[in-house]
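# A closer look at the structure
In case you want the letters, here they are:
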Amino acid sequence: MKATMDTQADLRRAPFGALLTELGERRDDVVVLAADLARYVDILDYADRHPDRFLQMGMSEQNTVGVASGLAKTGHLPVVVTYGVFLTRRAYDQVAMALATGPTRVLLVGFMPGITTPFRATHQAIDDVALMRALPHMQVIDPADAVDMAAGLEAAAEHEGPTYMRAFRGVQEPLERIEGDLDATLLAEGSEAAFVSTGLGSQWAAAARAELERSGVSVAHLHVPRLKPLAADALAEFCAGHDHVVCVENHTRAGGLFEAIAAALAERGVGVRLTHAGIPDSWPPSGGQDHIREVLGLDATALARLATAKEDR
Amino acid sequence: MTEALEDRARALRAQAVWIAAGRGQGYIGQALGTADLMACLFFDEGRRFDGDDPDRDRFVLSPGHYALSLYAVLAEQGRLPIELLRTYGMDGSDIEESPLEGLTGFEITGGSLAQGLSQALGIALGKELRGDGGTVFCLISDGELQEGQTWEAVLAAASRAPSNLVVLLDRNGRQVDGPTEDINPLEPVADKLVAFGLATRVLDGHDVAAIQEGLEWAEAQDGPAILVCETELGHGVDAIRDAAYPHYVRADPEFWEDATRRLDSEVSA
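In this report, we go over the structure that sits alongside the text. (Residues numbered from 1 in each chain as written. Chains lettered and ligands numbered in written order. Predicted model: local features only at pLDDT ≥ 70, side-chain atom pairs only at ≥ 80, totals over all residues. Heavy atoms only, no water.)

## Brief notes about the pairing of strand β10 (residues 219–223) of chain A
All names here are of chain A. We apply this condition: Exposed residues in this analysis have more than 50% of their type's maximum accessible area, buried residues have under 20%, and partly exposed residues fall in between, with area computed by a 1.4 Å probe over protein chains only. In DSSP terms, a helix is any run of H or I states spanning at least four residues, a strand is any run of E spanning at least two, and both are numbered starting from the N terminus. Two strands pair under a simple rule: DSSP has to find at least two bridges between them. Here the term right-handed applies to a crossover when the path leading from its first strand over the helix to its second strand runs clockwise, the strands being oriented away from the viewer.
Most of β10 is tucked away, with five of its five residues classed as buried. Where burial is concerned, the two faces of β10 agree: the one with Val-219, His-221 and His-223 and the one with Ala-220 and Leu-222 are both buried. Here strand β8 (residues 185–188) runs beside β10; their pairing, made up of three bridges, is antiparallel. Bridge pairing links Ala-188 to His-221 in β10. Pairing analysis gives five bridges linking strand β9 (residues 193–197) to β10, with the strands arranged parallel. The residue of β10 that forms the bridge with Ala-194 is Ala-220. For the segment spanning β9, helix α9 (residues 200–214) and β10, crossover handedness is right-handed.

Rendered as structure tokens:
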């Protein structure tokens with residue numbers, strides 16, 4: 001039994017859960033909705049502290065999104081927390097109609113982004129950002145650490161419409177930042193290689209950068225937590241300063257950061273070679289995150305090689 | 001009061017036909033079929049839907065195509081000018097055949113079906129959380145019972161059990177491709193709703209006294225209640241009721257003039 005207790009304690013120390021609890025303390029208009037899975041998305045602590053403002057809706061994503069919309073229509077700030085795949089795929093029409101037409105201020109939090117789970121296709125949310133970016137009025141955030149998640153919660157509360165934010169379990173080391181905000185944060189300055197990245201992709205790129213720096217290669221790195229609205233000018237300006245930029249994301253090539261930047265560069269006439277380092281147009285393999293990264297060429301060594309390659313793979 | 005509401009229902013039918021006649025087409029069958037329900041809901045004493053008082057009642061229209069039903073109410077209440085309403089469905093008009101939320105009277109975007117009940121439940125729970133008064137009335141259509149989300153919402157409504165939620169089910173028995181019982185049978189509807197845990201009552205959706213009594217009964221329940229209102233598409237205008245496809249009627253001006261004349265004579269009689 002001791003092991004179970006420890007597991008529970010670990011769950012309760014989760015960063016997103018702690019931030020959500022804190023938000024609930026600060027704002028009495030927050031209502032959190034679960035569609036089962038509350039224990040896996042780190043919201044039990046919030047539920048314990050605010051049982052009157054916690055709705056366990058069970059496995060019913062479509063209804064849950066609708067109820068959240070109704071709560072917002074009576075002045076609440078609803079936060080729906082479940083797995084990204086179910087939130088964005090099962091309830092897409094509900095998100096589009098009940099939240100994005102108003103638009104209605106609701107925060108959707110999708111756990112297990114990209115390859116952070118071994119359950120291939122069914123639980124790996126590799127297309128969630130694309131789906132959510134396609135909706136008018138939707139704000140989309142892919143955090144790399146607790147700093148981003150905290151800023152994302154604030155941005156959601158201020159946004160006049162729905163927000164989709166990815167979240168993950170467990171503690172990610174906070175990125176070392178030079179300057180910036182949710183739109184664009186400069187992580188490193190350099191001239192011999194360049195990364196632009198989002199979400200956990202920024203953690204992966206930071207690891208590759210560390211390898212390169214150890215070999216004396218100077219690397220620039222821009223982290224982009226907010227994918228919509230996109231800081232297109234800042235991104236184009238960053239990319240224009242380099243011959244080759246590697247875009248790292250925990251998402252498919254279709255409709256993620258890579259295509260967003262490519263569009264921003266094309267519209268501004270910036271001719272920079274941009275390489276995608278993320279999930280190809282196929283279902284990622286099963287397994288631990290390190291294994292999948294290795295298979296997909298997203299491990300630090302592969303990314304470092306990509307960033308210094310003279311031509312594309 | 002019952003007679004006054006029957007007059008009001010006739011007036012709503014006349015308004016709906018007059019609005020649809022502007023462009024010569026529209027979802028008139030539903031507007032005529034629900035006129036008695038809308039008359040009782042909006043024109044009986046004691047309910048207030050307009051303004052921004054948090055204690056006001058709320059009306060959630062789940063099937064957006066029924067907008068014409070609500071436009072007739074808004075015309076009759078004087079909340080939107082009839083000249084504007086008569087641009088129903090025209091290019092560039094705000095009076096869309098299935099509008100988005102935000103237009104006067106429209107709390108939700110209802111055109112993609114079966115999304116209303118969940119949002120009505122959310123509004124009801126939101127009111128309870130805040131301690132606000134008022135009842136949430138949600139109109140759903142029987143075709144929406146074929147969508148899974150309706151049953152997710154019914155399940156949740158029964159367990160959450162807000163006492164401020166009343167559902168009106170328009171049981172007209174028809175959907176785009178034919179009778180509901182031929183397409184994907186729904187019966188026994190009332191038994192299913194009871195089994196899910198909703199206080200359920202079946203009534204004649206064209207009997208104003210029965211509707212009045214049903215609404216009072218529903219509002220008095222401790223938890224959510226649903227009125228299964230048996231209606232007829234196009235009720236009150238034989239030519240529309242008997243049309244091959246009463247859901248959506250497209251006709252020449254003479255047709256609408258004739259319907260308007262008949263309804264006007266009933267209203268003034």
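## A short note on the sheet that holds β9 of chain A
All names here are of chain A. An order of β7-β8-β10-β9-β12-β13 is seen for the six strands of this open sheet, with the pairing classed as mixed. Edge strands, defined here as strands with exactly one partner in the open sheet, are β7 (179–180) and β13 (273–279). As paired strands, β9 and strand β12 (residues 244–252) are joined by three bridges and run parallel to one another. Among the inter-strand pairings, Ser-197 is bridged to a residue of β12, identified as Val-248.

## Some details on the packing of helix α10 (residues 232–240) of chain A against helix α11 (residues 257–268) of chain A
Residues and elements named next belong to chain A. Here is the rule we go by: For helices, the axis comes from a line fit to the C-alpha atoms of the stretch in contact; other axes are also lines fit to C-alpha atoms, and the angle between any two N-to-C directions lies between 0 and 180 degrees. To sort the angles, those under 35 degrees are grouped as roughly parallel, those over 145 as roughly antiparallel, those from 65 to 115 as roughly perpendicular, and the leftovers as oblique. Any two residues having at least one pair of non-hydrogen atoms within 4.5 Å are treated as being in contact. Lys, Arg, Asp and Glu make up the charged group, whereas Ala, Val, Leu, Ile, Met, Phe, Trp, Tyr, Cys and Pro make up the nonpolar group; the residues left over, Gly among them, are polar.
It is at 9 Å that the axes of α10 and α11 come closest, and there the two elements cross at 80 degrees. In this view, α10 runs roughly perpendicular relative to α11, as classed from their interaxial angle. Contacts from Ala-232, Asp-233, Leu-235, Ala-236 and Cys-239 of α10 reach α11 at Ile-261, Ala-264, Leu-265 and Arg-268. When the residues that make up the contact of α10 with α11 are grouped by side-chain class, the tally is seven nonpolar, no polar and two charged.

## Brief notes about a negative patch on the surface
Residue and element names in this part refer to chain B. In plain terms, the rule: Like charges are joined within 9 Å and nonpolar side chains (Val, Leu, Ile, Met, Phe, Trp, Tyr) within 5 Å, but only among residues with over 30% relative accessible area and no salt bridge; these make up the patches. Using a 1.4 Å probe, accessible areas were evaluated by the Shrake-Rupley method; residue-level cover was limited to the displayed protein chains. Counted as salt bridges are all cases of a side-chain nitrogen of Lys or Arg within 4 Å of a carboxyl oxygen of Asp or Glu. The charge count includes Lys and Arg as positive and Asp and Glu as negative, but it does not include His or the ends of the chains. Every charge is mapped onto a representative atom, which is NZ of Lys, CZ of Arg, CG of Asp or CD of Glu.
Among the surface-exposed residues, Glu-3, Glu-6, Asp-204, Asp-207 and Glu-230 lie close enough to one another that they form a single negatively charged patch. Position of Glu-230 among the secondary structure elements: in strand β8 (residues 225–230). We classify Glu-230 as partly exposed; its relative accessible area is 44%.

## A short note on the side chain of Asp-142 of chain A
Residue and element names in this part refer to chain A. Quick reminder of the rule: In the analysis that follows, any N or O atom pair within 3.5 Å is treated as a polar contact, provided that within protein one partner can donate a hydrogen and the other can accept it, and provided that, for residues neighboring in sequence, both atoms belong to side chains.
Locating Asp-142 in the fold gives a position in the loop between β5 (139–141) and α8 (146–158). Looking at Asp-142, its side chain comes within polar contact range of the side chain of Arg-166, at 3.0 Å. Sequence-distant contacts of Asp-142, defined by excluding residues within four places in its chain, comprise Arg-166, Thr-198, Gly-199, Leu-200, Pro-225 and Leu-227.

## Focus on the packing of aromatic side chains
Residue and element names in this part refer to chain B. To keep things clear, this is the line we draw: Paired rings are identified among Phe, Tyr and Trp, the last through its six-membered ring, by centres lying within 6.5 Å, and are further divided according to the angle between planes into stacked (under 30 degrees), edge-to-face (over 60) and tilted (the rest).
The final tally for this structure, using the stated rule, is 10 aromatic pairs over all chains. Between the aromatic rings of Tyr-27 and Tyr-248, the centroid separation amounts to 4.7 Å while the plane-to-plane angle is 80 degrees, which identifies the pairing as edge-to-face. With a gap of 221 residues between them, Tyr-27 in the loop between β1 (25–26) and α2 (28–33) and Tyr-248 in the loop between α11 (238–241) and β9 (249–250) connect regions that are remote in the sequence. We classify Tyr-248 as buried; its relative accessible area is 15%. Each ring, one from Trp-151 and one from Phe-196, has its centre 4.8 Å from the other, and the planes form 55 degrees; the classification is tilted. Within this pair, whereas Trp-151 is found in helix α7 (residues 148–160), its partner Phe-196 is found in helix α9 (residues 189–196), the two being separated by 45 residues in sequence. Its relative accessible area of 30% is what places Phe-196 among the partly exposed residues. Ring pairs connect the aromatic residues Phe-42, Phe-49, Phe-59 and Phe-137, which therefore count as one cluster.

## Examining the nonpolar core
Using the following cut-off: As used here, the term nonpolar core means buried Ala, Val, Leu, Ile, Met, Phe, Trp, Tyr and Cys residues forming a set that is joined through side-chain atoms within 4.5 Å.
The biggest cluster of nonpolar side chains holds 71 residues, and the ones touching the most others in it are Val-95, Leu-108, Val-196 and Ile-261 of chain A together with Leu-193 of chain B. The greatest single-element share of this core, amounting to six residues, is contributed by helix α6 (residues 116–130) of chain B. Ignoring any residue separated from it by four or fewer positions in sequence, one finds Val-95 of chain A in contact with Val-65, Leu-87, Ala-100, Leu-108, Met-132, Leu-135 and Met-138 of chain A. Listed in part, the 57 residues of the second largest apolar core include Ile-43, Ile-126, Val-219 and Leu-296 of chain A.

## Some thoughts on the environment of Asp-42 of chain A
Residues and elements named next belong to chain A. Among the secondary structure elements, Asp-42 is positioned in the loop between β1 (30–34) and α3 (44–49). Take Asp-42: its relative accessible area is 4%, and that puts it in the buried class. For the pair formed by Asp-42 and Phe-168, sequence separation is 126 residues and the distance between their alpha carbons is 9.2 Å.

## A few points about helix α10 (residues 208–219) of chain B
Residues and elements named next belong to chain B. Keep this limit in mind: Expected helix span is given by 1.5 Å per residue-to-residue step, counting one fewer step than there are residues. Note: the arc covers the axis-to-C-beta directions of the helix.
With 12 residues, α10 extends 17 Å from end C-alpha to end C-alpha; this agrees with the ideal 16 Å at 1.5 Å per step. Residues of α10 that are buried: Val-208, Ile-211, Gln-212, Gly-214, Leu-215 and Ala-218. Down the axis of α10, the smallest arc covering the buried residues is 165 degrees, so these residues share one side. Buried positions along α10 lie against α1 (2–21), α3 (35–43), β3 (136–141), β4 (165–171), β7 (199–204) and β8. Its side-chain oxygen 3.2 Å from the backbone nitrogen of Ala-209, Asp-207 forms the N-cap of α10.

## Thoughts on the side chain of Thr-150 of chain B
All names here are of chain B. Relative to the assigned elements, Thr-150 resides in helix α7. Here the side chain of Thr-150 touches Glu-144 through a polar contact of 2.6 Å, landing on its backbone oxygen. Apart from the residues within four sequence positions on either side, Thr-150 is in contact with Ala-114, Leu-117, Glu-144 and Leu-145.

## Quick notes on the interface of chain A and chain B
Just so we agree on the cut-off: Buried area: the sum, over both parts, of the accessible surface (1.4 Å probe) that disappears when the two are put together.
Facing the 26 residues of chain A at the interface are 23 residues of chain B. Both sides together, the interface formed by chain A and chain B hides about 1,900 Å², and carbon and sulfur atoms give 56% of it. For the chain A face of the interface with chain B, the top three residues by lost area are Asn-63, Lys-73 and Thr-74 of chain A, together amounting to 29%. Scanning the region where chain A abuts chain B turns up one salt bridge. For Glu-101 of chain B, the salt bridge is made with Lys-73 of chain A, and the minimal N-O distance between the two is 3.2 Å. In this assembly, chain A and chain B are joined by 14 residue pairs in polar contact (both at pLDDT 80 or more). Those elements that place two or more of their residues in the side of chain A that touches chain B are β2 (54–56), α4 (61–72) and α6 (92–100) of chain A.

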